[in-house]
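Structural description and commentary
So you can see what is in the structure, the chains are spelled out below.
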Amino acid sequence: MELKETATLLGVPFEELDRVHDLAGDRPSAPLPAFAEAPALLERLGVPADDAAEILAGWPGSPLWTPELDWLLDRSIALVRADLGGFEWLPPGPELPRERGPAWRYFYVYVYLALVGVVRGYHRERGIADSDSGRTLADLGRNLAIDRRMGGEGWPVMQSWLTLHVRGGVYQLGRLQHQRGATAISLHVPDEGPLAPEEVDISLDAARAFFPLHFPDEHYTAFSCGSWLLDPQLLDHLPADSNIIRFQRRFELEPHEELEGIDADVEVLRFVFRTLTTPLDRLPRRTSLQRAVLDHLEAGHHWQWRVGKFSF
């Protein structure tokens with residue numbers, strides 16, 4: 001299929017499709033699970049019922065599919081599979097016009113589902129327990145629920161984030177998610193309720209045992225985190241004994257600098273309110289964190305994305 005014509009039919013820039021073509025090359029893809037197995041798999045991955053129903057309705061091979069979607073699915077799977085074992089963020093393909101229906105809206109879910117068996121094999125080769133593998137991969141369901149709550153605003157970020165899971169780049173160990181890196185494990189905080197210090201301690205201790213055992217050739221010296229959660233301005237709004245401030249105090253912060261592509265105000269709204277378009281005066285003020293975020297923004301100030309580390 002001619003790339004420029006395919007890009008036109010998909011409604012995406014040619015340059016983005018050309019990138020998929022170059023990175024995927026003639027590398028092998030991976031098949032989707034059988035349709036009959038899909039409902040049980042989606043349940044294991046924590047996918048909410050509403051999303052599961054739409055995923056099944058748009059399943060590849062259904063009347064909703066087109067030749068250009070088939071081509072992109074095959075090459076996007078190959079692109080991600082080619083980096084099995086990688087730990088950098090990886091856009092799996094262009095952002096599609098999701099309003100065209102479930103086949104388009106859940107396109108990168110199908111990429112994920114095709115790679116679940118591949119990454120589980122990678123986990124087994126490294127002796128990773130099925131429980132750790134399952135909990136990590138169930139982040140798909142959490143992200144779909146968040147995206148539904150956000151009316152689709154969250155998915156462009158999520159589709160790249162989720163490639164880490166099916167490449168073996170990130171693992172949920174207790175309260176935190178741990179992303180492999182060069183010399184540091186990057187910490188991520190999933191949407192699972194309070195960030196209790198004792199739960200954080202358990203997760204960190206689990207990581208200190210997990211990575212030397214399953215990745216003995218990788219040598220880590222630090223935990224790192226890049227987040228608005230590390231913004232010292234939160235000290236002006238939250239109690240000193242709050243979970244966020246206690247989490248923040250674990251880190252030695254690097255000097256502040258604006259990072260290309262990251263708007264801390266946007267990220268705060270994304271994580272605290274799960275919306276990017278609701279006017280500030282219509283957002284809830286139920287929690288101390290919500291009130292802190294809004295008071296700060298309404299006073300004309302901005303939040304910061306900060307990076308910090310502490311010893312592994």
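These lines cover the structure that appears in this document, whether it is placed above or below. Throughout, a residue's number is its position along its own chain's written sequence, starting from 1. In keeping with the predicted nature of the model, local features appear solely for residues at pLDDT of at least 70, side-chain atom pairs appear and are counted solely at 80 or more, and the whole-chain, interface and lining totals rest on all residues. Only hydrogens and water are set aside when side-chain values are computed; all heavy atoms of the structure are taken into account.

Across its full length, the chain holds 14 helices and 6 strands. Each radius of gyration reported is based on C-alpha atoms, and the globular scaling rule is 2.2 Å times the count of residues to the power 0.38. Relative to the 2.2 N^0.38 estimate, which gives 20 Å for 312 residues, the radius of gyration of the chain is 20 Å and therefore close to what a compact globule would have. Counting all 312 residues of the chain, 51% fall into the buried class. Any pair of residues with heavy atoms lying within 4.5 Å of one another is described as a contacting pair. Partitioning the contacts of the chain with sequence separation of at least 6, the portion at a separation of at least 24 is 72%. For the area figures, the Shrake-Rupley method with a 1.4 Å probe applies, and any residue is considered shielded solely by the protein chains shown. Summed over its atoms, the accessible surface of the chain is roughly 14,500 Å², and 53% of this surface lies on carbon and sulfur atoms. The averaged location of the 47 negative side-chain charges in the chain is 4 Å from the averaged location of its 31 positive side-chain charges. The secondary structure listing takes helices from DSSP runs of H or I that are at least 4 residues long and strands from runs of E that are at least 2 residues long, numbered from the N terminus. Only protein chains enter the accessibility calculation, which uses a 1.4 Å probe; a residue whose area is less than 20% of its type maximum is buried, one above 50% is exposed, and one in between is partly exposed. Under the counting rule used here, the positive set is Lys and Arg, the negative set is Asp and Glu, and His together with the chain ends is not counted. In this description, the location of a charge corresponds to atom NZ of lysine, CZ of arginine, CG of aspartate or CD of glutamate.

Turning our attention to the nonpolar core. Each nonpolar core is a collection of buried residues, namely Ala, Val, Leu, Ile, Met, Phe, Trp, Tyr and Cys, held together in the definition by side-chain atoms within 4.5 Å. Judged by nonpolar contacts, the single largest core of 54 residues is most densely connected at Leu-45, Ile-55, Leu-72, Phe-107, Leu-113 and Leu-140. Top contributing element to this core by residue count: helix H7 (residues 107-125), with 12 residues. Aside from chain neighbours lying at most four places away, what touches Ile-55 is Leu-42, Val-47, Tyr-106, Val-109, Tyr-110, Leu-113 and Leu-144. Counting 21 residues, the second largest nonpolar core, distinct from the first, contains Leu-176, Phe-211, Phe-247 and Phe-310.

Salt bridge, as used here: a side-chain nitrogen of Lys or Arg that lies within 4 Å of a carboxyl oxygen of Asp or Glu. Under the criterion given, the structure shown has 16 salt bridges. Where Glu-267 meets Arg-270, a salt bridge forms, and the shortest distance between an N and an O atom there is 3.2 Å. Of the two residues, Glu-267 and Arg-270 both sit in helix H13 (residues 264-272), 3 residues apart, roughly one turn of that helix. Residue classification places Arg-270 among the buried positions, given a relative accessible area of 10%. One network of salt bridges, in which partners are shared, links Asp-51, Glu-54, Arg-105 and Arg-148.

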